[in-house]
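Observations on the three-dimensional arrangement
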Amino acid sequence: QVQLVESGGGLVQAGDSLRLSCAASGRSFSNYAAGWFRQAPGKEREFVAAITKSGGSTHYRDSVKGRFTISSDNAKNTVYLEMNSLKVEDTAIYYCAARIATWNRPVAVTPREYENWGQGTQVTVSS
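Throughout what follows, the structure given in this document is the object of discussion. (Residues numbered from 1 in each chain as written. Predicted model: local features only at pLDDT ≥ 70, side-chain atom pairs only at ≥ 80, totals over all residues. Heavy atoms only, no water.)

A word on the packing of aromatic side chains
Tallied over the full model, the rule gives 4 aromatic pairs. Seen in terms of ring centroids, Phe-37 and Tyr-114 are 5.3 Å apart; in terms of plane orientation they differ by 80°. Their pairing is edge-to-face. Remark: Tyr-114 occurs in the loop between strand E9 (92-100) and strand E10 (116-117) and Phe-37 occurs in strand E4 (residues 32-39); sequence separation between them is 77 residues. The exposure class assigned to Phe-37 is buried, which follows from its relative accessible area of 0%. Ring centres 6.2 Å apart and planes at 65° place the aromatic pair Tyr-114 and Trp-117 in the edge-to-face group. An aromatic cluster is defined as three or more aromatic residues linked by ring pairs; in this entry it consists of Phe-37, Phe-47, Tyr-114 and Trp-117. The lysine or arginine in question, Arg-45, covers the ring of Tyr-95, its NZ or CZ lying 3.8 Å from the ring centre. (Phe/Tyr/Trp six-rings, centres within 6.5 Å; stacked < 30°, edge-to-face > 60°. Helix = DSSP H or I, 4+ residues; strand = E, 2+ residues; numbered from the N terminus. Buried < 20%, exposed > 50% of the residue type's maximum accessible area, 1.4 Å probe, protein only. Lys NZ or Arg CZ within 6 Å of the ring centre and 35° of its normal.)

Considerations on the state of the cysteines
Structurally, a disulfide amounts to a covalent bond that connects the sulfur atoms of two cysteines. On inspection of all chains with the given rule, the structure shows 1 disulfide. For Cys-22, the disulfide goes to Cys-96, at an S-S distance of 2.0 Å. Looking along the S-S bond of the Cys-22-Cys-96 disulfide, the torsion reads about -80°, which is the left-handed sense. Of the two residues, Cys-22 sits in strand E3 (residues 18-26) while Cys-96 sits in strand E9, which places them 74 residues apart along the sequence. Here Cys-22 matches Cys-96 in class, with each residue buried. (Disulfide = S-S within 2.5 Å.)

Considering the pattern of salt bridges
Evaluated as defined, the whole model comprises 6 salt bridges. The partner of Glu-46 in a salt bridge is Arg-61, with the nearest N and O atoms 3.6 Å apart. In this pair, Glu-46 is assigned in strand E5 (residues 46-51) and Arg-61 in the loop between strand E6 (58-60) and strand E7 (68-73), connecting sequence segments 15 residues apart. For Asp-62, the salt bridge goes to Lys-65, with nearest N and O atoms at 3.0 Å. Asp-62 gets classed as exposed once you look at its relative accessible area, which sits at 63%. Taking relative accessible area as the criterion, Lys-65 reaches 48% and is therefore assigned partly exposed. (Salt bridge = Lys/Arg side-chain N within 4 Å of Asp/Glu carboxyl O.)

A short note on the pairing of strand E8 (residues 78-83)
Across the 6 residues of E8, 5 count as buried, placing the element largely inside the fold. The pairing of E3 with E8 spans 6 bridges and is classified as antiparallel. Across the sheet, the residue bridging to Ala-23 is Thr-78, located in E8. Summarising the sheet, E7 and E8 pair through 6 bridges and their orientation is antiparallel. Bridge pairing links Ser-71 to Tyr-80 in E8. The antiparallel hairpin formed by E7 and E8 contains 4 residues in its connecting segment, where Asn-77 sits at a positive phi of about 50°. (Pairing = 2+ DSSP bridges.)

Okay, here's the thing in structure tokens:
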């Protein structure tokens, strides 16, 4: 098990940028892959971005491609989500998640595939 803590959320205007951080502690994070999900009021949790254990491959939902960037810093046991050109529809609670990476499934995009979750950080984008 690993413990995840998100930070960096806040209230911004459309077009602004934010960088979310996900700090991991507990068991070594080196064998985990990570992802970001978000949940808006009245909606189901949805996939945002994911990164492989090695950081060599990333995946994004279509609506954030070209605007969001997921990255990792193994030395700091931290995963980041850089969000640029934010839109009102990006408003949600953002959750960091981690899962044990396997050779046959190095990346996952569904919530049920992740074993560890952070508490979430609120991102609110106003027009």
